[in-house]
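# Residue-level structural notes
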Amino acid sequence: MCGIVAYLGNRQAYPILMNGLYRLEYRGYDSAGIALLDGGLKIYKKPGRVLDLENFISDKDHSGTIGIAHTRWATHGEPNEINAHPHASPSGLMAIIHNGIIENYASLREVLVQRGYEFHSDTDTEVVIHLIEDIKTNEKVSLEEAVRIALNQVIGAYAIVVISQKSPDKLIAARKGSPLVIGINNDEFFVASDATPIVEYTKEVVYLGDEEIAVLERGKELRIRTIKNVEKTPYVETLELNLEQLEKGGYEHFMLKEIFEQPRSIEDSMRGRLHELSGTVSLGGIIEYEQRLVSAQRIIIVACGTSWHAGLVGEYLFEDIARIPVEVEYASEFRYRSPVLCERDIIIAISQSGETADTLAAIELAKSKGALILGICNVVGSSIPRNTHAGSYTHAGPEIGVASTKAFTAQVTILALMAMMIANKKGTLTRTRYQHLIYEMSHLPEKVAKTLLLNDKIKGIAEKFYTASNFLYLGRGYNFPVALEGALKLKEISYIHAEGYPAAEMKHGPIALIDKDMPVVIIATNKELYEKVVSNIQEVKARKGVIIAIVNEGDTTIAKLADYVIEVPETEEPLNPVIATIPLQLLAYHIALLRNCDVDKPRNLAKSVTVE
Ligand code: G6P
């Protein structure tokens, strides 16, 4: 959460920083600010979106070739101008931007207050810049040394960049827990929470490690030290990202673009991994651990949000196809329990961003207990892939809409590939079923493309229901996690209350809610439990509920019972979630649009949750 960006070079910093803020806005968008150095230090801040900041600054002096900027997702203090970053030091000669949470900020603040310092904001960040200036003044050390000494007193997570009027050719950046990337282009340095603000200027990047401090100085090479004062050689990597991937490409919203990208993103997830002709699956990133997976006694999946829903589909896949027991854990719960882990357990951490704080902490906990940890992540070079033993990237491309869409289907695709790889080695499926699943997987992209043709029909259904106050989503078996994901999409972007339930569980409570005003979305593409789902539909109809059913093409039974029917291409049951999720993404999108909601940046949410 919170996006940070900084620049030092020969060009004007303002347009680069502003552009960077727009790119990072998905990380938080309740207020924004910028500090520029051009002789004096100028700080501009505004509550609201980056656009509000840009409008505010347009007629102000924004010159300078060095600067820092921030887009906020509030943790400490409401999103107003005072709490927005950058925060200035007591003398006003230094400023800081910060992403993360300083856990001991209250005690640090108390000490500083006793020394006579005043605080203007409610933030934890202001404490850090006060501390840095206090150390700098009293110990008479360099800026980087003052930052280093200060960070040794700080407990918590941070990605910070510090600027000082007294060192006008220098930026100091540091991180622990929250991500930070440095871009290098001849005499220019860029710093950002991820590579998206950097990619159009340079492909050469250094990912800063935990407890590392970088000194970016005009005319000098990048220098890195740890907070324990150990020098590090910067490891320069080449970005694979390109600019078109970060733009809307003619779509009204990133979310819609990302929904429509799914045939390609699913294909990219399978590319070089699924071999239809030989009927094999190879996942290069985890090849070393193939045998461990095959003999796993149990798989524990840890994740948050939509990635947790993908994990639930994984539970069905691994148990059904590979015959390995699975537990799916919210990372935030797992990390604070004392989980019992055995030697043959394998942890799979799923995350689009690769930066989710709870998932990272769950990984650390499992690691400390000696477990093997595999990752399924989308963002290349992010923290989770760096902290797992091995893993598979989803290769879905950048996902910018805050509500996750193509990352989910790519995660499910990777989980299906893993399960198939194990099944092939273990012989848990009959040859015919195995081959048919391989065939169906390789035809998934075209079936997803066909499903997307339902967009207009779904828009029509959205027009009928966008004023509803509640929705119920039901599914059984593989379609139960799809129901949860459908409900989450709707509440995230349209603010309509929605619940997902296993269809049979409905009679143990939610049935009490059903009346003529309750739309019920039933995912009914099951073959195994078809009759049972039909009974669940009848139970809803008997109570005058309105049914929107997702069925396989040619289904006539449910068509007679349901009020609205969305027919999707048929596939093998384990692959249903990939196809059945798509109409639900579209339904949420159109309903949100009709309610005038900000689809790409829903209120109170952020895409990358780097705080607990
Ligand atoms: C946030 C996002 C969700 C996402 C979740 C987990 O809540 O808004 O879309 O599913 O974090 O994020 P991750 O990057 O770990 O998949």
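Up top is the structure these notes are about.
Before going into details, it helps to say that this report is about the structure given with it.

Conventions used here
- Residues numbered from 1 in each chain as written.
- Predicted model: local features only at pLDDT ≥ 70, side-chain atom pairs only at ≥ 80, totals over all residues.
- Heavy atoms only, no water.
- Buried < 20%, exposed > 50% of the residue type's maximum accessible area, 1.4 Å probe, protein only.
- Helix = DSSP H or I, 4+ residues; strand = E, 2+ residues; numbered from the N terminus.
- Contact = heavy atoms within 4.5 Å.
- Pairing = 2+ DSSP bridges.
- Axes fitted to C-alpha atoms, helices over the stretch in contact; angles between N-to-C directions.
- Salt bridge = Lys/Arg side-chain N within 4 Å of Asp/Glu carboxyl O.
- Near = heavy atom within 4 Å.
- Polar contact = N/O pair within 3.5 Å; in protein donor to acceptor, adjacent residues only side chain to side chain.
- Areas by Shrake-Rupley, 256 points an atom, 1.4 Å probe, with all protein chains shown as cover.
- Nonpolar A, V, L, I, M, F, W, Y, C, P; charged D, E, K, R; others polar.

## Some details on helix α5 (residues 143–151)
Burial of α5 is extensive: seven of the nine residues sit out of reach of the surface. Among the residues of α5, those classed as buried are L143, E144, A146, V147, R148, A150 and L151. Buried-residue contacts for α5 involve β6 (94–99), α4 (125–139), β7 (158–164), β8 (167–176), β12 (212–217) and β13 (223–226).

## Observations regarding the sheet that holds strand β27 (residues 564–568)
Strand order in this open sheet of five strands is β24-β23-β25-β26-β27, and the pairing throughout is parallel. Two strands lie at the open edges of the sheet, namely β24 (497–502) and β27, each paired on one side alone. When strand polarity is set aside, the average angle formed by the axes of neighbouring strands in this sheet is 20 degrees. Note: strand β26 (residues 546–552) against β27, five bridges, orientation parallel. What sits directly across from I550, in β27, is I566. Of the strands in this sheet, β23 (470–475), β24 and β25 (519–523) are in contact with helix α17 (residues 479–494), which crosses β24 at around 175 degrees.

## Some thoughts on the sheet that holds strand β20 (residues 345–351)
Spatially, β19-β18-β20-β21-β22 is the arrangement adopted by the five strands of the open sheet, whose pairing is parallel. The strands lining the two open edges of the sheet, one partner per strand, are β19 (326–330) and β22 (390–393). Neighbour to neighbour, the strand axes of the sheet diverge by 20 degrees on average, direction disregarded. As judged from the five bridges shared by strand β18 (residues 298–303) and β19, these two strands associate in the parallel manner. The partner of I300 across the bridge, within β19, is E327. Helix α9 (residues 305–321) rests against β18, β19 and β20 of the sheet, and its axis sits at about 175 degrees to β19.

## Observations concerning the pattern of salt bridges
Side chains bearing opposite charge may pair, as long as their charged atoms lie close to each other. All chains considered together, the criterion is met by 39 salt bridges. With its nearest N and O atoms 3.5 Å apart, the salt bridge here joins K232 to E212. In this pair, K232 is assigned in strand β14 (residues 231–232) and E212 in strand β12, connecting sequence segments 20 residues apart. Overall, the relative accessible area of 11% leaves E212 in the buried class. Measuring nitrogen to oxygen at the nearest pair gives 2.7 Å for the salt bridge that ties K607 to E399. Residue K607 is found in the segment after α20 (576–594), and its partner E399 is found in the loop between β22 and α13 (406–426); the two are separated by 208 residues along the sequence. Overall, the relative accessible area of 5% leaves E399 in the buried class. Several salt bridges converge on common partners, so that one network encompasses E144, K170, E217, K220 and R223.

## Considering the site of the ligand
Close contacts around the ligand come from 14 residues, with S307, S351, Q352, S353 and T356 the closest. Take Q352: an N or O atom from its main chain is 2.7 Å from an oxygen atom of the ligand. Alone, the ligand offers 390 Å² of accessible surface; in the complex the protein occludes 90% of this. Per-element tally for the shell around the ligand: the top contributor is α9, with three residues. Looking at the shell around the ligand, its residues break down into four nonpolar, eight polar and two charged.

Shape is all these values report; function is a separate question.
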